[in-house]
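Examination of the molecular architecture
Below, each chain spelled out in residue letters.
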Amino acid sequence: AQRVTQPEKLLSVFKGAPVELKCNYSYSGSPELFWYVQYSRQRLQLLLRHISRESIKGFTADLNKGETSFHLKKPFAQEEDSAMYYCALASGGYQKVTFGTGTKLQVIP
Amino acid sequence: DTAVSQTPKYLVTQMGNDKSIKCEQNLGHDTMYWYKQDSKKFLKIMFSYNNKELIINETVPNRFSPKSPDKAHLNLHINSLELGDSAVYFCASSATGGAQHFGDGTRLSIL
C-alpha cells in the first residue's frame, strides 16, 4: 500500500524566512511525486512534479529515495505563498493517487 | 476556457435527498477523478475513471455512484444524503502519465 505523510498541519514563518514543507512517502515501486497548492477557496493546482526537476514560484523539491522524502523548499517566503500544500504520490499509470493530509503554510508579514 | 468545470458550485440540501454533481473536462484527458475534501482539508480520492471504465473504487458508501456518459464527463450521484456528506467535492482529470487538473469544487452542505 502506498502512503504519503505530511507531519505538519500548520507551518508559520516570517516573510523572507526559508520554508521547508515535509513530505515522506511509502511505496514499494518507483514513485511519481507531486506537490499541489490550494490558495484560499480556490482549486488545487499543480505546483511541481519530481520528474520535471523545475522550480515554480521559487519552490523546489528533490526526491530522496534513501530517505523516502520529497520535501518542498523555498529560500525566501512571500506573503502570497500562504496556502495549503499537498504532497501526492501516483502509481498504476497515474490512476492511483494518494494525497497527504496537507500542510497549511502561513507567511507572517 | 475552463479546463475542468463542475456544477453546481454550491449545493445546499436536506438529509435524505438525492443529488448529482456534474463534471466536464475539455482537455482530452483519459482519466477523471472525484475527491472529497472534508472540513479539516483532508483530501481523499473517491473514484477514478479511465476511458469509461472504473479503475479505482475506494471504500466509499454505495450511496455514491459515479457515472461517465463519455470520456469528457464524470458525474457524481449521491443517494440518501447524510450529514457526514457535507464537504467540498473536487473533480479532476489527467492524461496518462500527467498531473491532475482540478475543478473549482462543489461545496455540499446538508441541513
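Here is what the cut-offs are and how they apply
Throughout, a residue's number is its position along its own chain's written sequence, starting from 1. As they are written, the chains are lettered A onward and the ligands numbered 1 onward, keeping that order. At least 70 in pLDDT is required for a residue's local features to be given in this predicted model, at least 80 for side-chain atom pairs to be given and counted, and no such filter applies to totals for whole chains, interfaces and linings, which use all residues. Side-chain descriptors were evaluated using all non-hydrogen atoms of the structure, hydrogens and water having been removed beforehand. Runs of H or I in DSSP of at least four residues are treated as helices and runs of E of at least two as strands, each being numbered from the N terminus. The globule rule is 2.2 Å times the number of residues to the power 0.38, and the radius of gyration it is compared with is taken over C-alpha atoms. Classification of residues uses two cut-offs on accessible area relative to the type maximum, computed with a 1.4 Å probe and protein chains only: under 20% is buried, over 50% is exposed, and between them is partly exposed. The criterion used for residue contact is that any of the two residues' heavy atoms lie within 4.5 Å. For accessible areas, the Shrake-Rupley method is used with a probe of radius 1.4 Å. Any residue's cover is judged against the shown protein chains and nothing else. Ring pairs shown here join Phe, Tyr and Trp side chains whose ring centres sit within 6.5 Å, with only the six-membered ring taken for Trp; geometry is labelled stacked below 30 degrees between planes, edge-to-face above 60, and tilted in between. To define a nonpolar core, start from buried Ala, Val, Leu, Ile, Met, Phe, Trp, Tyr and Cys residues and group those joined through side-chain atoms within 4.5 Å.

Details of the overall build of chain A
Scanning chain A from N- to C-terminus turns up 0 helices and 11 strands. Over its C-alpha atoms chain A spans a radius of gyration of 13 Å, differing by no more than 12% from the 13 Å that the globule rule assigns to 109 residues. For chain A, the spread of C-alpha atoms along the three principal axes comes to 40 × 30 × 25 Å. By the burial criterion, 46% of the 109 residues in chain A qualify as buried. Partitioning the intrachain contacts of chain A with sequence separation of at least 6 by distance along the chain shows that 58% fall at a separation of at least 24. On chain A, roughly 5400 Å² of surface is accessible, and the fraction owed to carbon and sulfur atoms is 50%.

Observations concerning the packing of aromatic side chains
On inspection of all chains with the given rule, the structure shows 11 aromatic pairs over all chains. Ring plane angle 45° and centroid distance 5.4 Å describe the contact between Tyr36(A) and Phe99(A), whose orientation is recorded as tilted. In this pair, Tyr36(A) sits in strand S5 (residues 32-38) while Phe99(A) sits in strand S10 (residues 96-99), placing the two residues 63 residues apart along the sequence. Judged on exposure class, the residue Tyr36(A) and its partner Phe99(A) are both buried. With 5.4 Å between their ring centres and 45° between their planes, Tyr35(B) and Phe102(B) make a pair best called tilted. Of this pair, Tyr35(B) sits in strand S4 (residues 31-37) while Phe102(B) sits in strand S10 (residues 101-102), and the two are 67 residues apart along the sequence. With respect to burial, Tyr35(B) and Phe102(B) carry one shared label: buried. Counting every residue linked through ring pairs, the aromatic cluster contains Phe34(A), Tyr36(A), Tyr86(A), Phe99(A), Tyr33(B), Tyr35(B), Phe90(B) and Phe102(B).

Details of the nonpolar core
Residue and element names in this part refer to chain A. The biggest cluster of nonpolar side chains holds 24 residues, and the ones touching the most others in it are Trp35, Leu47, Leu48, Phe70, Leu72 and Tyr85. Counting only elements with at least two residues in this core, the list comes to strand S2 (10-14), strand S3 (19-21), S5, strand S6 (44-49), strand S9 (83-91) and strand S11 (103-108). No other element matches the 4 residues that S9 contributes to this core. Beyond its immediate chain neighbours, meaning those up to four positions away, Tyr85 contacts Gln6, Leu21, Trp35, Tyr36, Val37, Leu47, Phe59, Leu72, Gly102, Thr103 and Leu105.

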